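# Per-entry structural report
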Amino acid sequence: MRIKNLLAATVCAALLASCGGAKEAEKTIFAMDTVMDIKAYGADAQSAVDEAENEIKRLETLFSRGNADSDIGRINGGASADVSPETAELIETALEVSSSTDGAFDITIAPVMDLWGFFTKDYRVPSDGEIKDALKYVDYRRVSVSGTHVSVGNGMKLDLGGIAKGYLSGRIIDIFKECGVTSGIVSLGGNVHCLGERPDGGAWRVAVQNPSGEGYIGVLSVTDKAVVTSGGYQRYFESGGKTYHHIIDPKTGVSAQSGLSSVTVVSEDGALADALSTALFVMGLDGAEKYYKEHGGFEAVLVADGGEVYVTDGLKDSFESEYEYKVING
Ligand code: ADP
Ligand code: MG
């Protein structure tokens, strides 16, 4: 595959040299239940995008819950399995975020996701008893990774939905770099990750969606960063006049109602940004502020249910907004 892509790169460079074609390549791919848009600029853009597509397909196959033969399918079906290094690495990162967020992020949430019908899209509101039973199988401390061997407690299942796209965006950026690309941007169902600066110079501009209406609450100027948003408005269903969304508080087994409508995390590390956006959403404003002060290593924009906007101090100069916002100091 590497040789084929090297060849592709050579052909691509030759074409560019002969006809002076646009040094830009873009691809839209449907994977992991979402639309992925990947764009690279420069002489090696086409081979970088082609190789990124191969990686998307490969990792989707490894992480898929729906496929019993995938890494995750085999762990979920048999409580333990030998997996690829990428799967082991991703699970380890997830466990680190679980322990630093005291379980607000927990990839063993799968049985609860299933109970609410989020996996099959056959939504229903379970009884308190059913939730209590499912929660017996939710506990990241009963997942262990030793090299590439992963095991979980009996009856437990993993769901990488809160971190896989962030991990994947990081892999794509690595591939872009390996291919010699120095400018690019990917959007994996709203998980944005950019490499370097825009091809015409200057920072990438990434809008933060208004979680409770039309338009944007502001625009972030970033280089070499992942920008990942989690919000209750992204996937939900309604029943009996109530809204139930897809981010579950692992302590209650019910959609997190923390007072936040959306959390956008900015970090160089895509997987961390993805997992933290989910975790901080569950933790709420006070928990998120405390976490930011204690850990750092990321920046965030938080929107409360009442519409108030909070921005961590590292973003003060890179967040433009028509709204008033409060700054959270580190
Ligand atoms: P999205 O993937 O829709 O952009 P998130 O990154 O916030 O949004 O991830 C939500 C997904 O993460 C859910 O669909 C589910 O697969 C999983 N999930 C839900 N609650 C949690 C949680 N508390 N910890 C870890 N994963 C979760
Ligand atoms: Mg997430």
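All of these numbers come straight from a predicted model, not from anything done at the bench.

## A short note on the overall build of the chain
- Helix and strand content of the chain: eight helices and 19 strands.
- Overall size of the chain, expressed as C-alpha extent along the three principal axes, is 70 × 50 × 35 Å.
- In the chain, which comprises 330 residues, the proportion classed as buried is 52%.
- When the accessible surface of the chain is summed, it comes to about 14,900 Å², and 48% of that surface belongs to carbon and sulfur atoms.

## Some thoughts on the coordination of the magnesium ion (ligand 2)
- On the protein side, the magnesium ion (ligand 2) has Gly 162 (O), Asp 274 (O), Asp 274 (OD) and Thr 278 (OG1) as donor atoms, found 2.1 to 2.6 Å from it.
- Taken in sequence order, the residues that donate to the magnesium ion (ligand 2) follow the motif G-x111-D-x3-T. With Gly 162 in the loop between β5 (149-152) and α7 (164-178) and Thr 278 in helix α8 (residues 270-295), the pair connects residues that are 116 residues apart, well separated along the chain. Across the pair, Thr 278 and Gly 162 agree in class, each one buried.

## Concerning the environment of Pro 85
- Here Pro 85 lies in helix α4 (residues 85-100).
- You can call Pro 85 exposed: its relative accessible area is 55%.
- In this structure, the C-alpha to C-alpha distance between Pro 85 and His 149, residues 64 residues apart in sequence, is 9.3 Å.

## Section: α7
- Between its terminal C-alpha atoms α7 stretches 21 Å, which fits the 21 Å expected from 15 residues at 1.5 Å a residue.
- For α7, the tally of buried residues reaches twelve of 15 residues, placing the bulk of the element in the interior.
- By the burial criterion, the buried members of α7 are Ala 164, Lys 165, Gly 166, Tyr 167, Leu 168, Ser 169, Gly 170, Arg 171, Ile 172, Ile 173, Ile 175 and Phe 176.
- Each element contacted by the buried residues of α7 is listed here: β2 (34-41), α2 (45-63), α4, β6 (183-188), β7 (191-195) and α8.
- Following α7 by one or two positions, Gly 180 has its phi on the positive side, about 85°.

## Remarks on helix α3 (residues 71-78)
- Residues Asp 71, Ile 72, Gly 73, Ile 75 and Asn 76 constitute the buried set of α3.
- Structurally, α3 contributes buried residues whose contacts are with α2, β3 (80-82), α4 and β5.
- Downstream of α3 by one or two residues, Ala 79 has phi in the positive range, about 70°.

## Points about the confidence of the model for the chain
- Looking at the chain, the pLDDT average stands at 93 and 93% of residues meet or exceed 70.
- Counting interchain partners and residues more than four positions distant, the pLDDT-below-50 stretch residues 1-22 has 17 contacts.

Rules used throughout
Residues numbered from 1 in each chain as written. Chains lettered and ligands numbered in written order. Predicted model: local features only at pLDDT ≥ 70, side-chain atom pairs only at ≥ 80, totals over all residues. Heavy atoms only, no water. Helix = DSSP H or I, 4+ residues; strand = E, 2+ residues; numbered from the N terminus. Buried < 20%, exposed > 50% of the residue type's maximum accessible area, 1.4 Å probe, protein only. Areas by Shrake-Rupley, 256 points an atom, 1.4 Å probe, with all protein chains shown as cover. Donors = N, O, S within 2.8 Å, 3.2 Å for Na, K, Ca; no water. Expected span 1.5 Å × (residues − 1). Contact = heavy atoms within 4.5 Å. pLDDT = per-residue confidence, 0-100.

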